[in-house]
Every structure is written in C-alpha cells, then in structure tokens.
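Survey of secondary and tertiary structure
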Amino acid sequence: MNTKPRQQTTYDFVKDHDQVYFDLLRLARITEHYENDQNNKEAYKKVAITALNQLPLYAKTHKRLIPLLNAKAHKLNIYDQLLPQSQQLLTTYTQQGIVTELAKKQQLNNIIEKLSEHNIPLILLKGAAFDGVLYSPQAPRTSNDLDILIQKKHWHQTVAIIKKLMNYTQKPQPNVFGDLYELSFIPKTKVGAALDLHSSLIHPILFNINEQQLWENSINHPSYNNNLVKMLSPEHALIHQALHAYKDMDFGKYNLVDSHELISVKKPDTQKTIAIAKEWGATNSLYVLLKNCVVIMATELENDMKNSNKINILKQIKPSLFTCNVLIKLLKSRFSQPIKNSKPLKYRLNQTMAQFVFTGSAFRPLKLQWLFLKSMQTTKR
C-alpha cells in the first residue's frame, strides 16, 4: 500500500486532512445528489476504489462509518475490485458493527421497558435516535454509547432505576462540567454499551435551551411501538448536531455524515431552525456545521422561502469576518482537543475562548468560569 506523504486538503472550519479523509466521509453518504450520467458514475467509482483501498490507514478515524462504506462498495459494484486487506476490513467491521448495534438495541429495550413501567418518557439522542431512521440495521452508523434525554421532573426517579441496571461512573469536576446535566453509566458486566443520561442537551449555563419547546416538538421514534420513546424534531436534532460538534470542537468527522443525512432525509425547516438557534445562542455553531455540510458534503439545504438558496441561508447567520477568523483558528488549533487524555493550559485557553466565541455571549461563559473556580476552591479544601 502507498504510504508516501499525502497532500493536505484545507477547509475553513475543520482541521486539515488529506483528500482521502474527506473522500471517505463523502462515500459514507446514503443520500447523494451527484449527476447520475455514465461519465460521472465511472469517475465516482475510481475515486471510491482509490479511497477504499487506503481505508486501513483510516480505520481508526472512520471506524463508525465502515459499515456505510461497505454498503457503498457493494452498491457501486466495486467490492471485488478492492484490495484483499480493504475487503477484509470492510466485511469484518461491518459484521462486528451489526452485532454490536443489535446488542445495544437489546440493552436499550431493557432500559425503555423499566422506564415505561413508571410512565417516564425519554428522547433518544444521536446514534440511538438515528438507528432505524437514517441508517439500517444491515448498514449501521456505529457508536460507542447510548444517549438518552430525560425531563428534569423525572430525573431522580430515572437515576434510581438506571442504577439498578448499570453502574454509575463519575466524571472529573462533576459539579461543573459533568454531573450538572449528564450522568454516565457502564454495564454491570462486560457486555453492552455505556450510557450517558442527560437532563439537558449540553451545559445549561452556556446555551439558553428551551427544554419545554424541545419536549413539546419531539416526535415518536418510528422504530419503537411506544409513545414514551421520542426523538428530537428535525430542527432540534440539527441544532443538537451543531452543539455536540462544538462540544467536541470537531465539525469534520462522522457528525457531518449524520447531519447530511438528517438534512437530506428529514428535511428540517431551515427558517425555523435558524430562529431556534438564535433563541438558544447557537447560531455560530449552526453556521459552522451547515457551512461544512455544504462545502465538504455537498449537502443541499432546503428552504421554504421562495427565491432562496443555500447561499442565502448561510448568509442569514454568517458571523462577522473577525468572528469567522477566530472560529477558524480555534477549530484548527492543535489544542482544540485534549492531548493524550491530558488537558494542558493551552487546551484550557482554547476551550475558554471557544465558549465566548461560539455562544456569542460574555455573561454565560463568565458565569461558567466563576462556577468552575468556586468548585476548584471547594475541592482544594
């Protein structure tokens, strides 16, 4: 396999990767809008073969997308043209992914059953929500955990129920960045996935999330014959994608595939989405996500307004040139994520700066930092 240095491909709001990295992201799409004439199809196949033959080099970064890539290889009838190493990787990861997702589904059914006995509704988030909606059981977009949102009025009862099923695991600084809005649990045995139990989509101090609106607009999940099992509305789900990408400070991984499919399949009302994002203080996060979808994934944005197009939509929420430049520097920084599970000072500085820029607020990040400092002082005592 060719291991010579690969030329970096540059997009504004994501770290620089080589072209194959982005080709694999695009290949993972189920919904595609490229012209289906024979010349384009043959060129597309050549790109796919080249990228998939280098997949072993990207198995770690794109592991959640490999079942989707396997499905694409078969859909394009190019699987037999791939190198044996790539074929084996596609088949093995897909088989493992199907089994793992099935086990998670059984685990989730058990949690749903216990909560339903007490008439407690829940909203499935991220991968758990997209299973059976955007992705099929035969070609899942795999994930490492389950994410569930619970109303605050049911919080203590839900935690007590979950603790009987799983073991609680504490996060660092639980009074500030962890247990304030999310608890983590792991299976009592080695079988099953971790669970993140949410009382809010993201840190409630940083964003002005309207929880009542969120629950009122939630819809029944089509994969469950249970009115207590919900998923976010398309508009809220798209904003959640943006907020979670901000939390990870990474708008250029499998979340782009999820967002592309969410926009293409569920067709969120763009004007409604923008209005909600403005209310929540999430417009900068939404802009970066949508910009990357359009530029990297060739996503076609829908808009109910006549004579509007995707450029107009992005212009409605585009930050100032100064803010865009700061966002670019923050997202491309080598300190945008923890380094080898450690959080050096430069990471903390990047994280703090991002809080101000992404929220567009001075008060909310200051309030969070003050709470953090008070918690640190309490811990030292």
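One structure accompanies this document, and this report is about it. Please read these numbers as outputs of a predicted model, since none were measured by experiment.

So, on to the pairing of strand β1 (residues 8-11). Only one face of β1 is covered, namely the face carrying T9 and Y11; the face carrying Q8 and T10 is uncovered. Pairing of β1 with strand β2 (residues 14-18) involves 3 bridges; the strand directions are antiparallel. From the neighbouring strand, Y11 faces β2, where its bridge partner is V14. Hairpin remark: β1 followed by β2, antiparallel, with 2 residues in the connecting loop.

Note that side chains of opposite charge can pair when their charged atoms are close. Scanning the entire structure with this criterion turns up 9 salt bridges. Between K72 and E32 there is a salt bridge whose closest N-O contact spans 3.1 Å. Linking K72 in helix α3 (residues 66-75) with E32 in the loop between α1 (19-27) and α2 (38-52), this pair joins segments that are 40 residues apart in sequence. Note on accessibility: K72 and E32 belong to one class, buried.

For α1, the tally of buried residues reaches 8 of 9 residues, placing the bulk of the element in the interior. Turning to α1, its buried residues are V20, Y21, F22, D23, L24, L25, R26 and L27. The opening residue of α1, the one whose side-chain oxygen lies 3.0 Å from the backbone nitrogen of V20, is D18.

In this section: the sheet that holds strand β9 (residues 229-231). The strand order across the open sheet built from 7 strands is β5-β6-β7-β4-β3-β9-β8, with neighbouring strands paired in mixed fashion. The open sheet has two edge strands, β5 (166-169) and β8 (219-220), and neither has a second partner. Relative to strand β7 (residues 194-198), strand β6 (residues 182-187) runs antiparallel, the two being bridged by 4 bridges. Across the sheet, the residue bridging to S184 is D196, located in β7. Of the strands in this sheet, β5, β6 and β7 touch helix α6 (residues 155-165), which is tilted by about 170° from β7.

Criteria and cut-off values
Residues numbered from 1 in each chain as written. Predicted model: local features only at pLDDT ≥ 70, side-chain atom pairs only at ≥ 80, totals over all residues. Heavy atoms only, no water. Buried < 20%, exposed > 50% of the residue type's maximum accessible area, 1.4 Å probe, protein only. Helix = DSSP H or I, 4+ residues; strand = E, 2+ residues; numbered from the N terminus. Pairing = 2+ DSSP bridges. Salt bridge = Lys/Arg side-chain N within 4 Å of Asp/Glu carboxyl O. Polar contact = N/O pair within 3.5 Å; in protein donor to acceptor, adjacent residues only side chain to side chain. Contact = heavy atoms within 4.5 Å. Axes fitted to C-alpha atoms, helices over the stretch in contact; angles between N-to-C directions.

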